[in-house]
Amino acid sequence: MTNPFNPSDGQEIGARLNPAVAGAATTVPTATSTERPRTSIPERRKRGFLYWFRDTGWRHLIGIVMLVFAAFPLLYVLSASLNPTGTLVGSNVLFRTIDFGNYIELFQLPQQPYAAWFLNTMVIGLTTAAGTVFLGALAAYAFSRMRFTGRRVGLLTLLLVQMFPQLLGVVAIFLLLSGIGDIFPQIGIGTQAGLILVYLGGALGVNTYLMYGFFNTVPVSIDEAAKIDGASHSRIFFTIILRLVAPILAVVGLLSFIATTSEFVIASVVLTSPQTQTLAVGLYQFISQETSTNWTIFSAGAVLAAIPVMALFLYLQKYIIGGLTAGSVK
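What counts, and where the lines are drawn
Residues numbered from 1 in each chain as written. Predicted model: local features only at pLDDT ≥ 70, side-chain atom pairs only at ≥ 80, totals over all residues. Heavy atoms only, no water. Phe/Tyr/Trp six-rings, centres within 6.5 Å; stacked < 30°, edge-to-face > 60°. Buried < 20%, exposed > 50% of the residue type's maximum accessible area, 1.4 Å probe, protein only. Helix = DSSP H or I, 4+ residues; strand = E, 2+ residues; numbered from the N terminus. Axes fitted to C-alpha atoms, helices over the stretch in contact; angles between N-to-C directions. Parallel < 35°, antiparallel > 145°, perpendicular 65-115°, else oblique. Left-handed = near helix turned anticlockwise from the far one by under 90°. Contact = heavy atoms within 4.5 Å. Polar contact = N/O pair within 3.5 Å; in protein donor to acceptor, adjacent residues only side chain to side chain. Core = buried A, V, L, I, M, F, W, Y, C linked by side-chain atoms within 4.5 Å. Nonpolar A, V, L, I, M, F, W, Y, C, P; charged D, E, K, R; others polar. Patch = residues over 30% accessible without salt bridge, like charges linked within 9 Å, V, L, I, M, F, W, Y side chains within 5 Å. Areas by Shrake-Rupley, 256 points an atom, 1.4 Å probe, with all protein chains shown as cover. Salt bridge = Lys/Arg side-chain N within 4 Å of Asp/Glu carboxyl O. pLDDT = per-residue confidence, 0-100.

Some details on the packing of aromatic side chains
Here comes step 1: Tallied over the entire structure, the rule returns twelve aromatic pairs.
Here comes step 2: Ring geometry for Phe100 against Tyr103: centres 6.2 Å apart, planes inclined by 45°, an arrangement best described as tilted.
Here comes step 3: The class of Phe100 is exposed, set by a relative accessible area of 52%.
Here comes step 4: With a centroid separation of 5.2 Å and 55° between ring planes, the pair formed by Tyr141 and Phe237 is classed as tilted. Residue Tyr141 is found in helix α5 (residues 114-145), and its partner Phe237 is found in helix α10 (residues 233-244); the two are separated by 96 residues along the sequence. Pair check on accessibility: Tyr141 and Phe237 agree, each one buried.
Here comes step 5: Clustering of aromatic rings is evident, with ring pairs tying together Phe134, Tyr141, Phe237 and Phe238.

Considerations on the packing of helix α6 (residues 151-161) against helix α8 (residues 192-215)
Each packed pair of helices is defined by two parameters, the angle between the axes and the distance between the axes.
Here comes step 1: The contact between α6 and α8 brings their axes to 8 Å, and the two run at 125°. In terms of axis orientation, α6 runs oblique to α8. Where α6 crosses over α8, the two elements pack in a sense that is left-handed. Of α8, the residues touching α6 (which contributes Arg151, Leu155, Leu158 and Leu159) are Gly205, Thr208, Tyr209 and Tyr212.

Details of the side chain of Ser299
Here comes step 1: Its place among the elements puts Ser299 in helix α15 (residues 295-322).
Here comes step 2: For Ser299, a relative accessible area of 6% gives the class buried.
Here comes step 3: Reaching out from Ser299, the side chain makes a polar contact with the backbone oxygen of Trp295 at a distance of 2.8 Å.
Here comes step 4: Every residue in contact with Ser299, bar those within four places of it in the chain, is listed here: Val77, Ala80 and Ser81.

Here we look at the nonpolar core
Here comes step 1: Counting residues in each nonpolar core, the largest one holds 21 residues, and the members touching the most others are Met211, Phe215, Ile241, Val245 and Leu249.
Here comes step 2: Those elements giving two or more residues to this core turn out to be α5, α8, α9 (220-228), α10 and α11 (246-261).
Here comes step 3: Discounting chain neighbours no more than four positions away, the residues touching Met211 are Thr132, Val133, Gly136, Ala137, Ala140, Ile248, Leu249 and Val252.

So, the packing of α5 against α11
Here comes step 1: α11 packs onto α5 with a crossing angle of 140° between their chain directions and a minimal axis gap of 8 Å. The element α5 and its partner α11 pack so that their crossing is right-handed. Counting all contacts with α5, which are made through Thr121, Met122, Ile124, Gly125, Leu126, Thr128, Ala129, Thr132, Val133 and Ala137, the residues of α11 involved are Leu249, Val252, Gly253, Ser256, Phe257, Thr260 and Thr261.
Here comes step 2: When its residues are assigned to classes, the contact of α5 with α11 shows nine nonpolar, eight polar and no charged.

Description of a nonpolar patch on the surface
Here comes step 1: A cluster of nonpolar side chains, contributed by Phe49, Leu50, Trp52, Phe53, Trp58, Leu61, Ile62, Val65, Met66 and Phe69, occupies part of the molecular surface with about 1,100 Å² of accessible area.
Here comes step 2: Of note, Leu50 is situated in helix α3 (residues 41-81).

Here we look at the side chain of Thr128
Here comes step 1: Here Thr128 lies in helix α5.
Here comes step 2: Ignoring any residue separated from it by four or fewer positions in sequence, one finds Thr128 in contact with Ile196, Tyr199, Leu200, Ser256 and Thr260.

Focus on the environment of Asn294
Here comes step 1: Structurally, Asn294 can be placed in the loop between α14 (285-288) and α15.
Here comes step 2: Its relative accessible area of 18% is what places Asn294 among the buried residues.

Digging into the confidence of the model for the protein
For any part of a model where pLDDT is low, the fine detail of the predicted coordinates should not be relied upon.
Here comes step 1: When pLDDT is averaged along the protein, the result is 80; 79% of the residues meet or exceed 70.
Here comes step 2: Of all the helices and strands in the protein, helix α2 (residues 19-26) carries the lowest mean pLDDT, 47, while α5 carries the highest, 92.
Here comes step 3: Long-range and interchain partners of residues 17-29, a stretch whose pLDDT sits below 50, account for two contacts in this model, where long-range means more than four residues apart.
Here comes step 4: Here residues 323-330 is a poorly scored stretch, pLDDT under 50, and it has five contacts once near neighbours within four places are set aside; other chains count.

Rendered as C-alpha cells:
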C-alpha cells in the first residue's frame with residue numbers, strides 16, 4: 001500500500017505529467033553555507049563590555065565620580081566631628097577614632113549656647129520660609145491672573161532688583177534698622193523680627209518671578225469656571241490655585257529655608273547678642289578665636305545643623321515629585 005503523503009509518489013506523478021520536472025526534481029541544488037568565525041569566550045565578553053560601556057557604561061562611571069566628589073566632604077566633616085583631638089590633622093584617615101565627646105561638649109559651653117542658636121535658626125528659618133511662600137504666591141497670582149497698569153514694569157523691576165545682591169546693601173540695612181529701632185524697638189538692631197523682615201524683603205522678588213512662571217501653566221479656564229459658580233479671587237486662590245501649584249511652593253519654601261539657615265553676613269550685622277544669634281553666626285566663634293580654635297566641635301555643630309534641612313527635604317519630596325498628578329478636578 002502506497003502512503004499518499006510519500007514525497008516519492010508526488011515526484012512520479014509530476015514526472016508523468018511533465019517530463020522536464022523529472023530532471024529538475026532529481027537534481028537538488030545544495031546551498032553553500034558560509035560558517036562564521038568562532039570567537040573565544042573572553043573575546044565575546046570583551047566585545048560585550050565595550051558595547052555596554054559605549055552605550056550606558058560611561059554614564060555609570062560619571063555618576064560614580066560625581067558621587068565620590070560630593071560625598072567625600074560630607075564624610076570628612078562627619079569623621080572630624082568624631083575625632084577627639086580638636087584639629088583636622090587627625091581626620092586625614094576617615095573614622096580612625098570614633099568619639100561622641102564633641103557632641104556632648106557642644107551643649108555644655110555657657111559662652112556658646114548651641115541649643116539657643118539651634119532654636120533661633122529653626123524659628124527664623126521656618127518663619128521666613130512660610131512668609132516667603134505666602135507673600136510670593138499672592139504676588140505671583142496677582143501678576144499672573146490680573147491685568148493692571150504697571151504690571152509689566154513691576155515684573156521687570158523685580159527681575160532687575162535681584163541682579164544686585166543683598167551684600168551691597170548691608171550698610172543701608174544697618175542704618176535703616178537702627179533708625180526704625182529708635183521708633184519701634186521690636187524690629188530694630190539685635191532683634192530676630194527685624195532680621196526676618198530683611199529676609200522677606202530680599203527673597204520676595206526672585207521667588208515671585210519664579211512662581212509667576214509656574215502660575216501661568218495653570219489653565220485660566222479653571223478660574224473662569226470657578227467664577228461662574230460665584231467664587232471670588234480669594235476663594236479661587238486659597239482653595240484651587242494653591243493646591244495646583246503645590247510643587248513650586250515646596251521648592252520655594254525649601255530654598256528659602258536653606259538660604260536663611262546658612263546666611264551669615266546680614267545675620268552677623270543685625271544680631272548682636274549671643275542669645276539671639278543663629279547657627280551660622282554662632283558656630284563661627286569656634287574657629288574665629290586664635291587661642292581656642294576647635295574644628296571638631298565646629299564639625300559636630302555643622303552635622304547637627306544639616307539634619308533639619310535633610311528632614312525638610314524628605315518631608316517636601318512627596319510634593320515635589322507628586323506634581324500635578326492629582327489633577328485639577330481633585
